[in-house]
Amino acid sequence: MGIDRALLRLLLHVAVVILLSPLPVSGADLYSLVYKGCANQSFPSGAVPPTVAALSSTLLSQSTSAKFYKTSSSSSSSSTSVFGLFQCRGDLSGSDCSACVSRAMSSWSDVCGASVAARVQLTGCLALYEISGFPQVSGTQMLFKTCGTGGGGGTDFEMRRDTAFAQLESNVGASNGGFYATSYQQVYAMAQCEGDLSSGDCVQCATQAVQHVEVECGGAPSGQVYLEKCYISYSYYPHGVPHGGGMGGQQTAKTVAIVLGGAVGLGFVVICLLFARSLVKKKDDY
């Protein structure tokens, strides 16, 4: 039975490692408005042209199968050509991505009226349009930031956060679709790059975002920084991930349940294997 006990300890250690694996960081409400950006100039007619509606239709049709898509729309009856894109967070399902993009695009006129450019960032996705020739800014230009209140816990917290950030910077460039989530000792962090960024540009953008959030948020227990082409967010949970709230939110709670279920399943398999071994051993003893 010494071998069995050693095997049991090894497999239980594996279960513990699974339980401590990084959890994806996710908002409690995918459709919450994070920020909006509207051009000061409006369309000459005072109304959004049909090309924007055509653009919306094309983007929505792609949102069930892609996390990122960009295109343009024009018509022979109008001289106004528009460009647009959406970017969903990498951990969203196709249905959640589509619902989020639909909500973001339907907010364009609500928050920006007939502006020649509109950018709506929800917790789960970004959707934007702009007229052709609209002035562009640097991909690392900071557009929005928000920081939590209170202190994160001093130098020990900042060391944990810096370690989580280092993991983001090391892995986001090689991640699928420019999305990466990680955790380190109660600090949960994520990064999302725009889908058409190269690996090097994604890493550069995420690094710039990390530098911004360290300066802008200092020792705050949570923060989000949105640049033109990427964003990062982090939260510190010294007492564990709250159920149904904060950056961890419903998705993290769901992930915890899945991970716990997997560990329970592993434990059941371990018990079955050990029981089978004991039966074989008893049979050999007779």
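These figures come from a predicted structure and were not determined experimentally.

Q: Would you explain helix H3 (residues 94–106) in this entry?
A: Since the α-helix packs 3.6 residues into each turn, any two residues three or four apart lie on the same face. Compared with the 18 Å implied by 1.5 Å per residue over 13 residues, the 18 Å span of H3 between its first and last C-alpha is a close match. Listed as buried for H3 are Cys97, Ser98, Cys100, Val101, Ala104 and Met105. Axial view of H3: buried residues confined to an arc of 165 degrees, hence all on one face.

Q: What exactly am I supposed to notice about the side chain of Thr207 here?
A: Tracing the backbone through its elements, the reader meets Thr207 in helix H6 (residues 199–217). Within the structure, Thr207 has its side chain in polar contact with the side chain of Glu169 (distance 3.0 Å).

Q: How should helix H2 (residues 50–62) be read in this particular structure?
A: The first and last C-alpha atoms of H2 sit 19 Å apart over 13 residues, in line with the 18 Å expected at 1.5 Å per residue. For H2, the full list of buried residues reads Thr51, Val52, Leu55, Ser56 and Leu59. Projection of H2 onto a plane perpendicular to its axis shows the buried side chains occupying an angular sector of 140 degrees, all on one side. When the buried face of H2 is taken as reference, the exposed residues oriented beyond 90 degrees from it are Pro50 and Ala53.

Q: So what exactly am I meant to see when it comes to the sheet that holds strand S10 (residues 230–236) here?
A: Each strand in a sheet pairs with its neighbour through backbone hydrogen bonds, running either in the same direction (parallel) or in the opposite one (antiparallel). With antiparallel pairing, five strands are arranged side by side in an open sheet as S6-S9-S10-S8-S7. Each edge of the open sheet is held by one strand with a lone partner, namely strand S6 (142–147) and strand S7 (179–184). Within the sheet, the average angular offset between the axes of one strand and its neighbour, ignoring direction, is 5 degrees. Relative to strand S9 (residues 222–227), H6 is tilted by about 135 degrees, and along the sheet it contacts S6, strand S8 (187–193), S9 and S10.

Q: Help me out: how do you make sense of the nonpolar core in this one?
A: One recurring pattern in soluble globular proteins: nonpolar side chains tend to sit buried together. In this structure, Phe86, Cys88, Val101, Trp108, Cys125 and Tyr129 are the most contacted members of the largest nonpolar core, which totals 26 residues. Counting residues per element, the ones that place at least two in this core are H2, strand S3 (78–88), H3, helix H4 (108–112), strand S4 (117–122) and strand S5 (125–131). Broken down by element, this core gets its largest block of residues, five residues, from H3. Look past the residues within four positions of Trp108 in its chain and what remains in contact with it is Val52, Ser56, Leu59, Gly113, Ala118, Val120, Ala127, Leu128 and Tyr129. Ala164, Phe165, Val172 and Cys217 belong to the second largest nonpolar core, which has 23 residues in total.

Q: Sorry, what's going on with the packing of aromatic side chains here?
A: Two measures describe an aromatic ring pair: the distance that separates the ring centres and the angle between the ring planes. Following the criterion strictly, the structure yields nine aromatic pairs and no others. An angle of 40 degrees between the planes, with centres 4.9 Å apart, marks the rings of Phe157 and Tyr236 as tilted. A residue pair is termed long-range when its members are at least 10 positions apart, and Phe157 in helix H5 (residues 154–171) and Tyr236 in strand S10 qualify at 79 residues. For the pair formed by Phe157 and Tyr236, the shared burial category is buried. Between Phe165 and Tyr234, the aromatic rings sit 5.6 Å apart at their centres with planes inclined by 85 degrees, giving edge-to-face as the arrangement. Of the two residues, Phe165 is situated in helix H5 and Tyr234 in strand S10; the sequence distance between them amounts to 69 residues. Directly above the ring of Tyr31 sits Arg103, whose terminal nitrogen or CZ lies 4.3 Å from the centroid.

Q: Explanation requested: the pairing of S4 in the structure shown.
A: The side chains of a regular strand alternate between both faces of the sheet. Within S4, six of the six residues are buried, which leaves the element mostly enclosed by the surrounding structure. Alternating positions in S4 separate into two faces, Ala117, Arg119 and Gln121 on one and Ala118, Val120 and Leu122 on the other, with burial throughout. Direction of pairing for strand S1 (residues 33–38) relative to S4: antiparallel, over a ladder of five bridges. What sits directly across from Cys38, in S4, is Ala118. What sits between S4 and S5 in their antiparallel hairpin is a turn of two residues.

Q: Sorry if this is basic, but what is going on with the confidence of the model for the chain here?
A: Close reading of the predicted structure is inappropriate where its pLDDT is low. Considering every residue of the chain, the mean pLDDT works out to 78; 71% of them sit at 70 or more. Ranking the elements of the chain by mean pLDDT puts helix H1 (residues 2–19) last, at 38, and S4 first, at 96. Confidence drops under a pLDDT of 50 for residues 5–28, and excluding neighbours within four residues, the segment shows 54 contacts in the predicted structure. A low-confidence stretch, residues 244–276 (pLDDT under 50), is modelled with 48 contacts involving residues beyond four sequence positions or located in other chains.

Q: Would you explain unusual backbone geometry in this entry?
A: Positive phi, normally seen in glycine, also occurs at Gln185, with a value near 45 degrees. Take Gln185: it is sitting in the loop between S7 and S8. Classification of Gln185 as partly exposed rests on a relative accessible area of 37%. For Gln186, which is not glycine, the phi torsion reads 75 degrees and is therefore positive.

What counts, and where the lines are drawn
- Residues numbered from 1 in each chain as written.
- Predicted model: local features only at pLDDT ≥ 70, side-chain atom pairs only at ≥ 80, totals over all residues.
- Heavy atoms only, no water.
- Helix = DSSP H or I, 4+ residues; strand = E, 2+ residues; numbered from the N terminus.
- Expected span 1.5 Å × (residues − 1).
- Buried < 20%, exposed > 50% of the residue type's maximum accessible area, 1.4 Å probe, protein only.
- Arc of directions from axis to C-beta.
- Polar contact = N/O pair within 3.5 Å; in protein donor to acceptor, adjacent residues only side chain to side chain.
- Pairing = 2+ DSSP bridges.
- Axes fitted to C-alpha atoms, helices over the stretch in contact; angles between N-to-C directions.
- Contact = heavy atoms within 4.5 Å.
- Core = buried A, V, L, I, M, F, W, Y, C linked by side-chain atoms within 4.5 Å.
- Phe/Tyr/Trp six-rings, centres within 6.5 Å; stacked < 30°, edge-to-face > 60°.
- Lys NZ or Arg CZ within 6 Å of the ring centre and 35° of its normal.
- pLDDT = per-residue confidence, 0-100.

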